[in-house]
Amino acid sequence: MNAICNTLQRKIEQLCDSMEDSILISLLLLRQLSQDGSLSLFLTNNDAKQIGYHLWDIVLTNQEGNYMSSITRALTLVESLFPFVHELIEQNERQAAEESVLEQLIHLLSDVSIDDLPCAAIYENHLRKKVPACHITSSLGDFYTPKSIAQCLAAFLEPGQGTAYDPCCGSGALLLAVQRCSKENLELYGQTQDEDSYLLTQMNLILHGIYVNLGKTAANTLLDDQHKNQKFDYIIANPPFNSANWFDDHTPFYDDRWRFGVPPRSNANFAWLQHILSHLQPNGRAAVILPNGTLTTQTHQEAGIRKAMIQNKRIEAVIALPPGLFYSTRVPCCIWLLANSDNKSGDILFIDATHMKPEIKKDFASVHIEQLIELVDKHRQRKLHTCTEWYGVASLEKIEQNGFILSPNLYTSVLRPGASEIHNEYGKLLEIIDELSVLPINKTLLSSMALWRNAEIATCWEKATLLEIYDVFGGVTKSKESFGKGFPVLDVKTVIHSPYLSDSFSSSVDVTEDEKLKYGIKYGDVFLNRTSETIKELACCCVALKDQDAVYGGFIKRLRPCGKQIISPLYAACYFRSEIYRWEVENVSTVFTTYASIDNKKLSKITVYFPDMETQKKIGDILFEVFQYQKRCSHALQKKLLKEFERLLIQQYITYPILHFQNKTNY
């Protein structure tokens, strides 16, 4: 049947290519309302009962002698029931369509069994082809929300009897999900910003046999609330992300909705959250999709609103979603579950869905939805006490300790290997040396590597914060036009992929003599990238082994040794590639943002561990020797084994002893 339906869809789309959308919308509406029982869902007076179920007959038999006129006549019979039909009639009057094409389309729709291919399915397919692929930040965000996520959002609300509301229902998809999740007939309310979505939402829901109250007109919800002073039991929303300049100088600055603080003009995210909270009934619930930046923003106004919402116990749970789940975007998003109830401890459930098992790939599977719903349900019953890699419950006190930041990685359990687990891999290091010894490798290098078979592990370690060892300075910032000419410049790609600064640079920038001095590169400087799309590539380090005639870019920070050099540059290149350093970066970073970033405040919390200078030199020398040989090596197996030798030596002679040192100093 799927193949037949697909063929019918293609034929319908081919016929629709030569006409405006309003004509297909009109035909689908009339076809749907002509089904037994469909019209009765919307009857409001005795006059409406006289319409009967002959709307499609008027069109099919062409009672006016002209198909467009017949469509108009049928529409006028339901105009009093559906005010938006007036707009359809006006649009159709401005259109011209070939009678022969219209006749083909009408007979095709008439022959299609609505049980096999519902009008709603035809409409949704048409929309996906007509509406340009956009991402979640658009006014049609709910249209591009996968059905599995819409289903999950609705299930979080546990809808029973009452009212449901979507303040930005571009297509009505989320309201449809709430109604389908409820065993009761809900009263549905919503608002759309433009006339197209005002029509789209009503049509979409009517074709599913559902009525929605969208207010008197399409309007900007935040500036012209069509349901002012109304309260709802359930609210579901996928608002436009990060809307800037959402009000102008003529908009009143104060609003009763801004109970937790006035949202900034530069971003409407926290205006949406407060609008939603203002519309919740006592004990009402809301599920809202927002960008991950809302969890971590330190913008004064936004951070203040988030803090007030937390302290007033309005947040039930935060769920960070993996990137790539939404159509046409990889923007990482999160779900805020809100509740208008004071009878709570204020504990918040944090879920990092990126670590769920089985792994979420392109979409939620039923097993993921079941796990998430079960977790939220247990949290509401105060039965959730465990903490795992992908979820945990945090108290108000714990959240306050983290500066009221809601990034889930701060509240879930980080599963990392212990010292004994790390040391269990020591045998692999010996195996690598043995494997290399039978290959045609440089004998001097092999002898240097063989010395690490039974090398002593350093037992005396010291520690200091990163900013006690280094002075931090940002890179040169220039316009796009300044790059591609002039003075050599270190780029982010080099910092991420190489532990040592190369002798030459592929990029250049136009800088002054003062800037050359200010952003210069000297022996012992460490360079790290301050931003990245992923936490795994954040704050990677590259070390300068000599003074160089070059500068470094604005996405890079320079760490220059302050005072006496207590860390060898060659050892630094190894240490900053160690697991222990990566864990330090993860500990201070809020992972779930659009771009992972690190600033001086976070860098000041990073601890650096180092042994005596002789041990530093031994570790640094061997790994630099291996790195240099790798660059000249063309033997694929050799290169692979040498890379593994590097990893294991850092693990066994830096990470393992530091973990041992940490365990002793923690007692």
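Here the structure is shown first, and the text comes after it.
Residues numbered from 1 in each chain as written. Predicted model: local features only at pLDDT ≥ 70, side-chain atom pairs only at ≥ 80, totals over all residues. Heavy atoms only, no water.

A.B. asks: Requested: an account of the overall build of the chain, with residues and values cited.
C.D. replies: Each helix and strand counted, the chain has 27 helices and 20 strands in total. In terms of overall dimensions, the chain has C-alpha extents of about 95 × 55 × 55 Å along its principal axes. Buried positions account for 54% of the 667 residues belonging to the chain. Here the analysis covers contacts within the chain between residues at least 6 apart in sequence; of these, 76% occur between residues at least 24 apart. Approximately 30,600 Å² of the chain is accessible, and the part contributed by carbon and sulfur atoms is 48%. When the 66 positive and 78 negative side-chain charges of the chain are each reduced to one mean point, those points stand 8 Å apart. (Helix = DSSP H or I, 4+ residues; strand = E, 2+ residues; numbered from the N terminus. Buried < 20%, exposed > 50% of the residue type's maximum accessible area, 1.4 Å probe, protein only. Contact = heavy atoms within 4.5 Å. Areas by Shrake-Rupley, 256 points an atom, 1.4 Å probe, with all protein chains shown as cover. Lys, Arg positive; Asp, Glu negative; His and termini not counted. Charge placed at Lys NZ, Arg CZ, Asp CG, Glu CD.)

A.B. asks: For the packing of helix H18 (residues 426–437) against helix H19 (residues 443–450), give the residues involved together with the corresponding values.
C.D. replies: Where H18 meets H19, the axes come as close as 10 Å, and the angle between the chain directions of the two elements is 160°. The orientation of H18 relative to H19 falls into the category roughly antiparallel. Handedness of the H18/H19 crossing: left-handed. Contacts between H18 and H19 involve Ile433, Leu436 and Ser437 from the former and Leu446, Met449 and Ala450 from the latter. Here the residues of the contact of H18 with H19 sort into 5 nonpolar, 1 polar and no charged. (Axes fitted to C-alpha atoms, helices over the stretch in contact; angles between N-to-C directions. Parallel < 35°, antiparallel > 145°, perpendicular 65-115°, else oblique. Left-handed = near helix turned anticlockwise from the far one by under 90°. Nonpolar A, V, L, I, M, F, W, Y, C, P; charged D, E, K, R; others polar.)

A.B. asks: If you had to explain helix H15 (residues 366–380) to someone new, which residues and values would you point to?
C.D. replies: Relative to the 21 Å expected for 15 residues at 1.5 Å per residue, H15 spans 21 Å between its end C-alpha atoms, a close match to the ideal helical length. Here the buried face of H15 lies against helix H9 (147–157), strand E5 (280–291), strand E6 (315–320), strand E7 (333–339), strand E8 (348–352) and strand E9 (391–394). (Expected span 1.5 Å × (residues − 1).)

A.B. asks: Any chance you could break down the packing of aromatic side chains for me, citing the residues and the numbers?
C.D. replies: What the rule picks out here adds up to 19 aromatic pairs. Ring geometry for tyrosine 165 against phenylalanine 232: centres 4.4 Å apart, planes inclined by 15°, an arrangement best described as stacked. With tyrosine 165 in strand E1 (residues 163–166) and phenylalanine 232 in strand E4 (residues 232–237), this residue pair connects regions lying 67 residues apart in the sequence. Since its relative accessible area comes to 0%, tyrosine 165 is described here as buried. Where phenylalanine 527 meets tyrosine 552, the ring centres are 5.2 Å apart and the plane angle is 55°; that geometry is what we call tilted. One end of the pair, phenylalanine 527, is in strand E14 (residues 526–529); the other, tyrosine 552, is in strand E17 (residues 551–552), and 25 residues separate them in sequence. The same class applies to phenylalanine 527 and to tyrosine 552, which are both buried. Following the ring pairs from residue to residue traces out a cluster consisting of Tyr470, Tyr571, Tyr575, Phe576 and Tyr581. (Phe/Tyr/Trp six-rings, centres within 6.5 Å; stacked < 30°, edge-to-face > 60°.)

A.B. asks: Lay out the environment of valine 367 with the relevant residues and their values.
C.D. replies: With respect to the helices, strands and loops of the structure, valine 367 is situated in helix H15. By relative accessible area, which is 31% here, valine 367 ends up partly exposed. Sequence spacing of valine 367 and leucine 430 is 63 residues, and the spatial spacing of their C-alpha atoms is 43 Å.

A.B. asks: I'd love a proper account of the pairing of strand E12 (residues 483–490), names of residues and values included.
C.D. replies: The pairing of E12 with strand E13 (residues 507–509) spans 4 bridges and is classified as antiparallel. Bridging from a neighbouring strand, valine 489 pairs with serine 507 of E13. Pairing analysis gives 2 bridges linking E12 to E17, with the strands arranged parallel. Among the inter-strand pairings, leucine 490 is bridged to a residue of E17, identified as tyrosine 552. (Pairing = 2+ DSSP bridges.)

A.B. asks: Let's hear about a negative patch on the surface: which residues, and what values?
C.D. replies: Residues Glu87, Glu90, Glu93, Glu195 and Asp196 make up a contiguous surface patch of negative charge. For the negative patch, the elements supplying multiple residues, two or more each, are helix H6 (85–93) and helix H11 (195–206). (Patch = residues over 30% accessible without salt bridge, like charges linked within 9 Å, V, L, I, M, F, W, Y side chains within 5 Å. Salt bridge = Lys/Arg side-chain N within 4 Å of Asp/Glu carboxyl O.)

A.B. asks: Tell me about the nonpolar core, and please be specific about residues and values.
C.D. replies: Core analysis: the biggest nonpolar cluster contains 67 residues, and Tyr575 and Phe645 have the highest contact counts within it. The element contributing the most residues to this core is helix H27 (residues 636–665), with 12 residues. If near-sequence neighbours (up to four positions away) are discounted, phenylalanine 645 is found in contact with Leu429, Ile432, Ile433, Met449, Ile622, Leu623 and Val626. Formed by 49 residues, the second largest nonpolar core is a distinct cluster that contains Leu8, Cys16, Val101 and Ile106. (Core = buried A, V, L, I, M, F, W, Y, C linked by side-chain atoms within 4.5 Å.)

A.B. asks: Outline the environment of glutamate 64, supporting the account with residue identities and numerical values.
C.D. replies: Positionally, glutamate 64 belongs in the loop between helix H4 (55–60) and helix H5 (67–76). Overall, glutamate 64 belongs to the partly exposed group, its relative accessible area being 40%. Between the alpha carbons of glutamate 64 and valine 101 there is a distance of 17 Å; along the sequence they are 37 residues apart. In this structure glutamate 64 touches Ser69, Ser70 and Arg73, once residues within four positions along its chain are discounted.

A.B. asks: Let's hear about the environment of glycine 190: which residues, and what values?
C.D. replies: Its place among the elements puts glycine 190 in strand E2 (residues 187–190). Residues contacting glycine 190, with those up to four places away along its chain left out, are Tyr165, Asp166, Cys169, Val212, Asn213, Leu214, Gly215 and His227.

A.B. asks: Tell me about the pattern of salt bridges, and name the residues and values.
C.D. replies: Overall, the coordinates contain 18 salt bridges when judged by the stated rule. Across the salt bridge formed by glutamate 374 and lysine 378, the nearest N and O atoms sit 3.5 Å from each other. Of the two residues, glutamate 374 and lysine 378 are both situated in helix H15; the distance of 4 residues between them amounts to about one turn of the helix. By relative accessible area, which is 43% here, glutamate 374 ends up partly exposed. Between glutamate 513 and lysine 516 there is a salt bridge, with its nearest N and O atoms 3.0 Å apart. On the criterion of helical spacing, the pair formed by glutamate 513 and lysine 516 is a turn pair, its members being 3 residues apart in helix H22 (residues 513–518). Owing to a relative accessible area of 54%, glutamate 513 belongs among the exposed residues under this scheme.

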